[in-house]
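The chain contents come next:
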Amino acid sequence: MKFDSPQSLKEITELIHARFIGAPDFIISGINEIHMVEPGDLTFVDHPKYYKKALQSKATTILINKELDPPIGKTLIISDHPFDDYVSLVKKLRPFEKAISAISSSAMIGEGTIIQPGAFVGNYVKIGKNCIIHANASIYDHCVVGNNVIIHSGAVIGADAYYFQRRPEGYKKLESCGRVILEDNVEIGALTTIDKGVSGDTHISFGVKFDNHVQVGHDTYIGKNCLIGAFCAIAGVTRIEDDVILWANVSVNKDIVIGAKAIVLATSAIDKSIEGGKTYFGSPVMEARKKWRELAAIRSLPEILAKLK
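Undergrad: Would you explain the pairing of strand β33 (residues 279-282) in this entry?
TA: Pairing analysis gives two bridges linking strand β31 (residues 263-264) to β33, with the strands arranged parallel. Bridging from a neighbouring strand, Val264 pairs with Tyr280 of β33. Taken together, the three bridges between β33 and strand β34 (residues 285-287) define a ladder with antiparallel strand orientation. What sits directly across from Gly282, in β34, is Val285. Hairpin connection from β33 to β34: two residues lie between these consecutive antiparallel strands.

Undergrad: Help me understand the packing of aromatic side chains, please; the structure alone is not making it clear to me.
TA: By the definition in use, this model includes three aromatic pairs. Between the aromatic rings of Phe44 and Phe83, the centroid separation amounts to 5.7 Å while the plane-to-plane angle is 85 degrees, which identifies the pairing as edge-to-face. Separated by 39 residues along the polypeptide, Phe44 in strand β4 (residues 41-45) and Phe83 in helix α3 (residues 82-93) bring together distant segments of the chain. Both residues of the pair, Phe44 and Phe83, count as buried. Here a set of aromatic residues connected by ring pairs shows up, and it is made of Phe44, Phe83 and Tyr86.

Undergrad: I'm lost on unusual backbone geometry in this one. Help?
TA: Among all residues save glycine, negative phi is the norm, and among peptide bonds the norm is trans. The omega torsion across Ser283 and Pro284 is 0 degrees, close enough to zero to call that bond cis. Structurally, Pro284 can be placed in the loop between β33 and β34. Phi is positive for Asp219, close to 60 degrees, though the residue is something other than glycine. Following the sequence through the fold, Asp219 ends up in the loop between β23 (215-216) and β24 (221-222). For Asp219, a relative accessible area of 6% translates into the label buried. Positioned with a positive phi, Thr267 is a non-glycine residue whose angle comes to about 70 degrees. Residue placement: Thr267 occurs in the loop between β31 and β32 (269-270). For Thr267, a relative accessible area of 51% gives the class exposed.

Undergrad: Even after reading the chapter, I still don't get the environment of Trp247, so can you show me in this structure?
TA: Along the chain, Trp247 turns up in the loop between β28 (245-246) and β29 (251-252). Distance from Trp247 to Leu42, taken between C-alpha atoms, is 39 Å for residues 205 residues apart in sequence. Residues contacting Trp247, with those up to four places away along its chain left out, are Leu227, Gly229, Cys232, Ile263, Val264, Leu265 and Ala266.

Undergrad: How do you make sense of the layout of surface pockets when you look at a structure like this?
TA: One way to see where empty space is left: roll a probe the size of a water molecule over the atoms. Empty space within the largest pocket amounts to approximately 770 Å³. Around the largest pocket sit 31 residues that line it, and Met1, Lys2, Arg94, Arg179 and Asp201 are the ones nearest its centre. At the level of secondary structure, the elements contributing two or more residues to the lining of the largest pocket comprise β1 (2-8) and β21 (201-204). If one sorts the elements of the lining of the largest pocket by residue count, β1 sits on top with five residues. Each residue belonging to the lining of the largest pocket can be placed in one class, and the counts come to 11 nonpolar, 10 polar and 10 charged.

Undergrad: Where do I start with the sheet that holds strand β3 (residues 27-31) in this structure?
TA: Backbone-to-backbone hydrogen bonds pair the strands of a sheet. The strands run either parallel or antiparallel. What the six strands build is an open sheet, ordered β1-β3-β4-β5-β6-β2; its pairing is mixed. Looking at which strands have only one partner, the edges of the open sheet turn out to be β1 and β2 (19-21). Looking at each pair of strands side by side, their axes are set apart by 35 degrees on average, direction ignored. Relative to β4, β3 runs parallel, the two being bridged by two bridges. When the sheet's bridge partners are listed, Gly30 is paired in β4 with Asp41. Contacts from helix α1 (residues 9-16) reach β1, β2, β3, β4, β5 (61-64) and β6 (75-78) within the one sheet, and its direction differs from that of β1 by about 95 degrees. Sheet contacts for α3: β1, β3, β4 and β5; angle to β4, the most-contacted strand, approximately 145 degrees.

Undergrad: Mind showing me how you'd approach the sheet that holds strand β26 (residues 233-234) here?
TA: Sheet architecture is open: eight strands sit in the order β9-β12-β15-β20-β23-β26-β29-β32, paired in parallel fashion. The open sheet is flanked by β9 (120-121) and β32, the only strands paired with a single partner. Looking at chain direction, strand β20 (residues 193-195) and β23 are connected through two bridges and run parallel. Each bridged residue has a counterpart across the sheet, and for Ile194 the counterpart in β23 is Val216.

Undergrad: Looking at this structure, I do not really get the pattern of salt bridges. What am I missing?
TA: Once the charged atoms of two side chains with opposite charge are near each other, the side chains can pair. Under the criterion given, the structure shown has 13 salt bridges. Asp41 is the salt-bridge partner of Lys2, the closest N and O atoms lying 2.9 Å from each other. Of the two residues, Lys2 sits in strand β1 while Asp41 sits in strand β4, which places them 39 residues apart along the sequence. Judged by relative accessible area, Asp41 falls into the buried class, the value being 0%. Close ionic contact of Arg167 with Asp84 constitutes a salt bridge, the shortest N to O distance being 2.6 Å. With Arg167 in strand β16 (residues 164-167) and Asp84 in helix α3, the pair connects residues that are 83 residues apart, well separated along the chain.

Cut-offs applied
- Per-chain numbering applies: the sequence of each chain, read as written, is numbered from 1 onward.
- Given that this is a predicted model, residues contribute local features only at a pLDDT of at least 70 and side-chain atom pairs are listed and counted only at 80 or more, while totals for whole chains, interfaces and linings are drawn from all residues.
- Note that water and hydrogens are dropped before the side-chain values are worked out from all heavy atoms of the structure.
- By the convention used here, strands pair only if DSSP detects at least 2 bridges between them.
- Strands here mean DSSP runs of E at least two residues long; helices mean DSSP runs of H or I at least four residues long; both are numbered from the N terminus.
- Aromatic pairs are defined between Phe, Tyr and Trp rings, using the six-membered ring for Trp, whenever the two ring centres lie within 6.5 Å; interplanar angles under 30 degrees are classed as stacked, those over 60 as edge-to-face, and all others as tilted.
- Each residue's exposure class comes from its accessible area (1.4 Å probe, protein chains only) as a fraction of the maximum for that residue type: buried when under 20%, exposed when over 50%, partly exposed otherwise.
- We call two residues in contact whenever any of their non-hydrogen atoms come within 4.5 Å of each other.
- The method works on a 1 Å grid over the protein atoms by themselves. A cavity is a set of points holding a 1.4 Å probe that cannot get out, a pocket is an open set with protein on both sides within 12 Å along at least five of seven lines, and residues with an atom within 4 Å of a point line them.
- Grid points are joined across faces, edges and corners, and a volume is the space filled by probe spheres set on the points.
- Only Asp, Glu, Lys and Arg are considered charged in this grouping, and only Ala, Val, Leu, Ile, Met, Phe, Trp, Tyr, Cys and Pro are considered nonpolar; every other residue, Gly among them, is considered polar.
- In this analysis, axes come from line fits to C-alpha atoms, helices being fitted only over the stretch in contact, and the angle between any two N-to-C directions falls in the range 0 to 180 degrees.
- Salt bridge, as used here: a side-chain nitrogen of Lys or Arg that lies within 4 Å of a carboxyl oxygen of Asp or Glu.

Here it is, written out as structure tokens:
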């Protein structure tokens, strides 16, 4: 999330009553969790296992629970509870705003766009030209919708990321402050849900077409002209490159890459990154022809065992 106006290190630190190491006027331009950081961002780390990753990331301010010498060009905010203070900053810098109408007065809606009765358009949403938002679709705050987009009934664009930290007393939620961006000519099927980024964007590129009942997790990127079949479940921080086809009921693990022009047949499960330009099947997937040969061999096992007896 980029701030509406840059904040100084001192200003940010005062919001959470913490200490800092660095110049008080050091500029912070945004807040991001580690997967999405850019120069100028603040991120957090609360486990020694990930100190090095955070300190060497593109983030220039690190909220951390150990006093260290910051790398050159970076600053530290010292906190006993970085996760909690990060959540506190999100709540202060992008607070929840109650809706007072079905279509927010702060939403920007392009010429020729039709919003059917019962649809919800949240605060600061941007919708382009010639879109159709069908009844009972919901577009949460800050989301961006391009031109010629169709969103069918019951779809939810921009619900919170599914991201929790386990504690002895239960689960602590990492509050979401990201967005969903739908580029031009996207179609979203009925009852599909696309979660906002934890702090960055969930991005659906030009020409992508979703069937009904699809789930897309936080901070996922889907490239141009992909087809996503009904009941697909795509976990967070996944990258799907251009012209990929996922047929019905495909499950996709988090933090993986699906190469351009890959085709994954129905009911498959993708547990690790796969190359583009090939057809896949199975759970876990493998190249379809290899999988079919394997299945044929398995079907012949009873006959082979009978002969051995």
